[in-house]
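Chain residues, written in single-letter form:
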Amino acid sequence: MRAFKELTERISYPAVEQEILAYWKEHRIFEQSITSREGKPGFTFYEGPPTANGRPGIHHVMSRTLKDLACRYQTMRGKQVHRKAGWDTHGLPVEIEVEKELGFKHKEDIVRYGVAEFNKKCRESVWKYKADWERMTEQMGYWVDLTRPYVTFENEYIESIWWSLKRFHDEGMIYKGHKIQPYCPRCETPLSSHEVSLGYQDVKDQSVYVRMRLKDEPDTSFLVWTTTPWTLISNVALAVAADVTYVKVEQNGEKLILAEPRLSVLEGEYTVLEKFPGSALVGREYHRIYNFHPVTAKAFYVVTATFVTTEDGTGIVHMAPAYGEDDNQVGKKYGLPTIHPVNRSGAFGPDVPPFAGKFVRDADMDIIRELKERKVLYKKEAITHSYPHCWRCRTPLLYYARESWYISTTKYAEKMIALNKTINWYPPEVGEGRFGNWLEENKDWALSRDRFWGTPLPIWVCPSCKKQKCVGSVAELREGTGLAEPLDLHKPFVDAVTFTCTCGGTMTRTPELIDVWFDSGAMSFAQWHYPFENKELIESGEQYPADFICEGVDQTRGWFYSLHAIGTFLFGKPAYKNLLVNDLILDKDGQKMSKSKGNTVNPFDVMAKYGADATRWYLVTNSPPWRPTMFDEEGVLEVQRKFFGTLVNTYAFFAMYANIDKVDWKAAAVPVAERQEIDRWILSELQSLIGRYTGYMAVYDVTKAARSISEFTIDQLSNWYVRRNRRRFWKSEMGADKRAAYQTLYECLDTVVKLMAPFAPFLADEIYRNLNSVTGLDPAASVHLSFMPDADASRIDAALEERMERAQKIVVLVRAMRMKANLKVRQPLRRIILPIADEAGRGDVRRMQDIILDEINVKEIEYVHDASGIVRKKAKANFKAIGPKFGKSVQQVAARIKDMTGAEIATMEQNGSVQLASGEQTWTVAVDDVEIMREDIQGWLVETDGGLMVALDTTLDDALVAEGAARELVNRIQNMRKDAGFEITDRIAIVYAADAALAERLATQERYIVTETLAESWTAGSPAGEHTETLELNGGSISIAITRMKRG
RNA sequence: GGGCCUGUAGCUCAGGUGGUUAGAGCGCACGCCUGAUAAGCGUGAGGUCACUAGUUCAACUCUAGUCAGGCCCA
């Protein structure tokens, strides 16, 4: 017969995990977890593709744990869960990496170097940290098919994207337009709004207050504030708020106009001359402060605008329509001219001679100096504000009017909003609030990028008739001329292809690429090369939509949006049904992790130290995933010690005795009804646990699901069931009772391990296989191939659970009293007294009596009747009941209830209600309106908990004292045995010398002492030898010597 | 400036359809157990449930506002 593997709590988790990984690999458990569910309902999961040219961090372990556990859980529920890995391979991050490598500073460097060669480098660079990613994925136990991933740069993937773009194009959803766009001068490309959102940073800028002199009022100036001095060169108007009060003040001989609430910006003394509303300023003209550009339209006057606030600045906002969305709107409204003297790399052109060739933000200081010399500058002030930066190269963005291709997402924003309401967001507020609001304010998707490494925008344009052709497949591309082989759908190869236009012109491809977010958002179908292959998969609904996706909250406007926007348009359905959001991982002090702060956590280190399971368990249980998690290594250690340690210990206890007893697992199960009450109790608790767990998992509350497992394991299974039942396992004869104990504990372990398997896949499998490889009760080769148990309501005995809880409470109360009376548990006591009136209540406790008495080392329970008069009772108002009943007078009633006499309480208990009079008033108070507190028993040590009361008889007689002393002595002798290094089976001889009184006392306990310590003799004499000790016991003194008997 | 979230014990977090003794773990103090034993367990101290107003017989819980922190967007 095979024996259970005897784990110890000194198990090396990382080492066990390595063994399990090898086992999984050898037996292809992951593959089996999918193939074994062939023909079963599917659970569709989409992997959000990471970029493999950055190192994986601890936050990736977080989101991958969540993804993994959801998929493992569904597999164990019998679903077939395909998980295709994916890699995001295009875009600026890759280009920037290569540019750095090649030492490039500007975009032209790439053109000089050669686009073909550059893209070849990008294609290689993408995989820079692939090995790290794969190692992390494997080690943490993230099951995903890495052998057949989707890769966004592959021709098939791009072809699918092109197919989708053609759908957009054919329906007139793609247009070319001008908009103010965030633009990265270093990368020389506009950024989409979701890219911008990735790069907000606090920066220190110089803000300036400048004077703009009124044309018709000498010595009077508008005081204007801006944080971007370089845009002053392009100023064409000023904006004020119509309904804000403005003032004209005199200061040092000049007059200034500004908003009244902003007077605090003035330096020094001033006198207010006039007050007027902003509307009074409309149309007033001023002298421009720079004259580089002639203008033809009317300009340099005051307008009103709603976005002007008095939060900062002066309440007078300078307008440069080329450089701001608001400014642009105002410019359009009033027909203002646009002055745009900045080139593609963000430098001033030759039309601004003093600053020509200078990067605009670098020109700020020069401009300020120059304005100061001309006395235009009133003052300057450093301000720190949040400003968007390029999400990759960290260059501050500029806002320009630029030409770009757009997708008209606004045309179907309503549909996106409607479909979003069908998606289950966890937590819901991200979907309703953050994502919902984003959809409500939907703007057209700026699709194009002026870069090199990415999916080319497959639109060809005829230069003569402007006709557009969108290519939607490779076959279509081949209809053109100039396509090189082998096929590569990237620049510059696709640029070489031309088509002959119906007008006879030669159509060439528009040079832009598309936003990488479109790449990843297209994965729902492009991962299957739809519609060129796998048409069925998508159209049958098997792989679209996803049942589940899970990423960081930063993806709200990124991947969550692009999936949704593309899916809604193409398929008219949402791309996913359930979405679990996870938030940031901070360091243990709540600081954001960053390389510069040096507070990042290396996932490999943590896993090497504590194992993947503990790391995963910690990340999931520490706080709900959608809340920021503070990562503290101490916490991982605690998981290991508390939960894993207890579980392993419980298993080890089971394995040790099961091996000794050679339990026959083929024997029929002892019917649950015939098992001891405590067995039925833990099995009932187990079913309740399954029920709770399943409920939590159904709503992706993985934190509560996992916490409920460890609470059960630690508090109920280990600290109560096992502790209370140890003796049953020691008992030598194997009977029905012992078998029941084994079967009960086995079932608990087996079930707990299944429940925890999605979270801690290694340890769960270790224990599962240790159990089932011996018993053969569950034949799966791995817990991950087995099935999740369902809660069996018929096995839940709520009354029993309640009884046990009561017993546990009584134990706690007695322990507290022992503590107060300074009576250690080793000292047996005569009795506790429980005032319980009704026979049913007494019966409940009686059924738990043995457990209670044994646990607290007390001889008996005495039940007293409340009416016996020794129990002093107090009444307390039950506000929930009397609140609605008495309304405003509730406080008076409550006060009266508090003063109820013993007689009144007795009357009420007898009749069900009682009349209470107070002053003029009389109320009828029913039993349910009142909580009866047992307060005291005359002359007894008492503890209460709610309605429960326990009194402890602390009187000691000689017999009890003797028993206590014997127990104490046994303990000391056992410790001496241990210190002496004796085997637990060694026999010993004891020689003792004690005070007369003590000796007499111990004489009655000789038999007990001898049995417990495996002593063959207990002799009065002169203790001597190697193992001798003297101790104080019950005020007496005793010396003891122990010697090991010869074996034989 | 807007949206969403958070603010409960020294720390990390629970909780409550509003009901008068607000919970756990860690840490701390004290102690216990010992045939799961380089583990385990208990008892205790520790909280004006961020602040202010309102609704209510009753607010830590609901409402409004304020303050602080986080994320996202301007």
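Bear in mind that the values here come from a model prediction, so they are computed numbers and not experimental data. (Residues numbered from 1 in each chain as written. Chains lettered and ligands numbered in written order. Predicted model: local features only at pLDDT ≥ 70, side-chain atom pairs only at ≥ 80, totals over all residues. Heavy atoms only, no water.)

Hey, could you run me through the overall build of chain A in this one?
Along chain A, the regular secondary structure elements total 34 helices and 38 strands. Its C-alpha radius of gyration of 40 Å places chain A more than 25% over the 31 Å reference for a compact globule of 1048 residues. Each principal axis of the C-alpha atoms in chain A carries an extent, and together these give about 120 × 85 × 60 Å. Evaluated residue by residue, chain A yields a buried proportion of 56% over its 1048 residues. (Helix = DSSP H or I, 4+ residues; strand = E, 2+ residues; numbered from the N terminus. Rg over C-alpha atoms; globule rule 2.2 N^0.38 Å. Buried < 20%, exposed > 50% of the residue type's maximum accessible area, 1.4 Å probe, protein only.)

When you look at helix α32 (residues 958–980) in this model, what are you seeing that I'm missing?
Given a rise of 1.5 Å per residue, 23 residues ought to cover 33 Å, and the 32 Å separating the end C-alpha atoms of α32 matches this to within 8%. Those residues of α32 lying buried are Leu 960, Val 961, Ala 962, Gly 964, Ala 965, Ala 966, Glu 968, Leu 969, Val 970, Ile 973, Met 976 and Arg 977. In the segment just after α32, Gly 981 is the residue with positive phi, at about 80°. (Expected span 1.5 Å × (residues − 1).)

What exactly am I supposed to notice about the pairing of strand β37 (residues 1028–1033) here?
Both faces of the sheet carry side chains from a regular strand, because those side chains alternate between them. Pairing of β37 with strand β38 (residues 1036–1044) involves six bridges; the strand directions are antiparallel. Bridge pairing in β38 places Thr 1030 opposite Ser 1039. Linking two consecutive strands that pair antiparallel, namely β37 and β38, is a turn of two residues; a positive phi of about 50° is found at Asn 1034 within it. (Pairing = 2+ DSSP bridges.)

For this particular structure, what's the right way to read the layout of surface pockets?
Of the pockets and cavities examined, the second largest pocket occupies roughly 1,800 Å³. Every element with two or more residues in the lining of the second largest pocket is listed here: α22 (677–698), α23 (702–730), α27 (839–847), α28 (849–856), β28 (858–864), α32 and α34 (1006–1012). When its residues are assigned to classes, the lining of the second largest pocket shows 14 nonpolar, seven polar and 20 charged. (1 Å grid on protein atoms, 1.4 Å probe; cavity = no way out; pocket = protein on both sides within 12 Å on 5 of 7 lines; lining within 4 Å. Points joined across faces, edges and corners; volume = space filled by probe spheres on them. Nonpolar A, V, L, I, M, F, W, Y, C, P; charged D, E, K, R; others polar.)

I'm lost on the packing of aromatic side chains in this one. Help?
For any two aromatic rings, the description comes down to two numbers: the centre-to-centre distance and the angle of the planes. Counted under the stated rule, the structure contains 54 aromatic pairs. Their ring planes at 65° and their centres at 6.3 Å tell us that Trp 617 and Phe 644 sit as a pair that is edge-to-face. Highlighted residues: Trp 617 in helix α20 (residues 612–622) and Phe 644 in helix α21 (residues 633–661), separated in sequence by 27 residues. Judged by its relative accessible area of 2%, Trp 617 is buried. Consider the rings of Tyr 992 and Trp 1018, whose centres lie 4.2 Å apart with planes at 15°: the pair is stacked. Residue Tyr 992 is located in strand β35 (residues 988–994), and its partner Trp 1018 is located in strand β36 (residues 1015–1020); the two are separated by 26 residues in the primary sequence. Trp 1018 shares its class with Tyr 992; the two are buried. An aromatic cluster is defined as three or more aromatic residues linked by ring pairs; in this entry it consists of Phe 4, Phe 653, Phe 654, Tyr 657, Trp 665, Phe 729, Tyr 742 and Tyr 746. For Lys 298, the ring lying beneath its charged end belongs to Tyr 301, and the centroid distance is 4.0 Å. One Lys or Arg, Lys 379, reaches over the ring of Tyr 209 and ends 4.8 Å from the middle of that ring. (Phe/Tyr/Trp six-rings, centres within 6.5 Å; stacked < 30°, edge-to-face > 60°. Lys NZ or Arg CZ within 6 Å of the ring centre and 35° of its normal.)

I keep staring at the pattern of salt bridges and nothing clicks. Help me out?
Should the charged atoms of two oppositely charged side chains come close, the side chains can pair. This model, assessed by the stated rule, comprises 63 salt bridges. The salt bridge involving Lys 67 is made with Glu 551; its shortest N-O contact spans 3.0 Å. Of the two residues, Lys 67 is situated in helix α3 (residues 58–76) and Glu 551 in strand β23 (residues 546–552); the sequence distance between them amounts to 484 residues. A relative accessible area of 2% places Lys 67 in the buried class. For Glu 95, the salt bridge identified is with Arg 451, shortest N-O distance 2.6 Å. (Salt bridge = Lys/Arg side-chain N within 4 Å of Asp/Glu carboxyl O.)

Help me understand the confidence of the model for chain A in this model?
Interpreting fine coordinate detail is not advised for predicted regions of low pLDDT. Residue-level pLDDT values for chain A average 86, and 96% of them are 70 or greater. Scored by ipTM, the complex comes to 0.91, with pTM at 0.84. (pLDDT = per-residue confidence, 0-100.)

What am I meant to see in empty space enclosed by the protein here?
Any empty space left between the atoms is revealed when a probe the size of a water molecule rolls over them. One pass over the full model with this rule turns up four cavities of 30 Å³ or more. One number sums up the size of the second largest cavity: a volume of about 40 Å³. The dominant element in the lining of the second largest cavity, judged by the number of residues it contributes, is α3, at four residues.

Help me understand the packing of α3 against α20 in this model?
For any two helices packed against each other, the geometry is given by the interaxial angle and the distance between the axes. Interhelical geometry of α3 versus α20 gives an angle of 90° and a closest axis separation of 10 Å. Comparing the axis directions of α3 and α20 gives the class roughly perpendicular. Listed contacts from α20 to Ile 58, Val 61, Met 62, Thr 65, Leu 66, Asp 68, Leu 69 and Arg 72 of α3 are Thr 615, Arg 616, Leu 619 and Val 620. Of the residues that constitute the contact of α3 with α20, the class distribution is seven nonpolar, two polar and three charged. (Axes fitted to C-alpha atoms, helices over the stretch in contact; angles between N-to-C directions. Parallel < 35°, antiparallel > 145°, perpendicular 65-115°, else oblique. Contact = heavy atoms within 4.5 Å.)

Explain the sheet that holds β38 here, please?
Strand pairing in a sheet takes place through backbone hydrogen bonds and is either antiparallel or parallel in direction. In spatial order, the strands read β36-β35-β38-β37; together these four strands make up an open sheet with mixed pairing. Single-partner strands in this sheet number two, and they are β36 and β37. The mean angle between the axes of side-by-side strands here comes to 25°, regardless of whether they run parallel or antiparallel. Helix-sheet contacts for helix α33 (residues 996–1003) involve β35, β36, β37 and β38, and the interaxial angle to β38 is about 55°.

Please explain the sheet that holds strand β20 (residues 499–500) as it appears in this structure.
In spatial order, the strands read β19-β18-β21-β20; together these four strands make up an open sheet with antiparallel pairing. Each edge of the sheet is formed by a strand with only one pairing partner; in this case those strands are β19 (468–470) and β20. Direction of pairing for β20 relative to strand β21 (residues 506–509): antiparallel, over a ladder of two bridges. Among the inter-strand pairings, Thr 500 is bridged to a residue of β21, identified as Thr 506.

Is there a simple way to explain the nonpolar core in this structure?
As a rule of thumb, nonpolar side chains are buried together in soluble globular proteins. Formed by 147 residues in total, the largest nonpolar core has its most connected members in Trp 617, Phe 631, Phe 644, Phe 654, Met 756, Phe 759 and Ile 832. For this core, the leading source of residues is α21, giving 12 residues. Apart from the residues within four sequence positions on either side, Phe 654 is in contact with Phe 4, Trp 665, Tyr 742, Leu 745, Tyr 746, Leu 749 and Leu 771. By size, the runner-up hydrophobic cluster in this structure holds 66 residues, among which are Ile 417, Leu 447, Phe 525 and Ile 566. (Core = buried A, V, L, I, M, F, W, Y, C linked by side-chain atoms within 4.5 Å.)

Even after reading the chapter, I still don't get the side chain of Thr 568, so can you show me in this structure?
Among the structural elements, Thr 568 can be located in helix α18 (residues 559–571). A distance of 2.6 Å separates a polar side-chain atom of Thr 568 from the backbone oxygen of His 564. For Thr 568, the contacting residues outside a window of four places in its chain are Tyr 412, Lys 415, Met 416, Leu 419, Tyr 544 and Lys 573. (Polar contact = N/O pair within 3.5 Å; in protein donor to acceptor, adjacent residues only side chain to side chain.)

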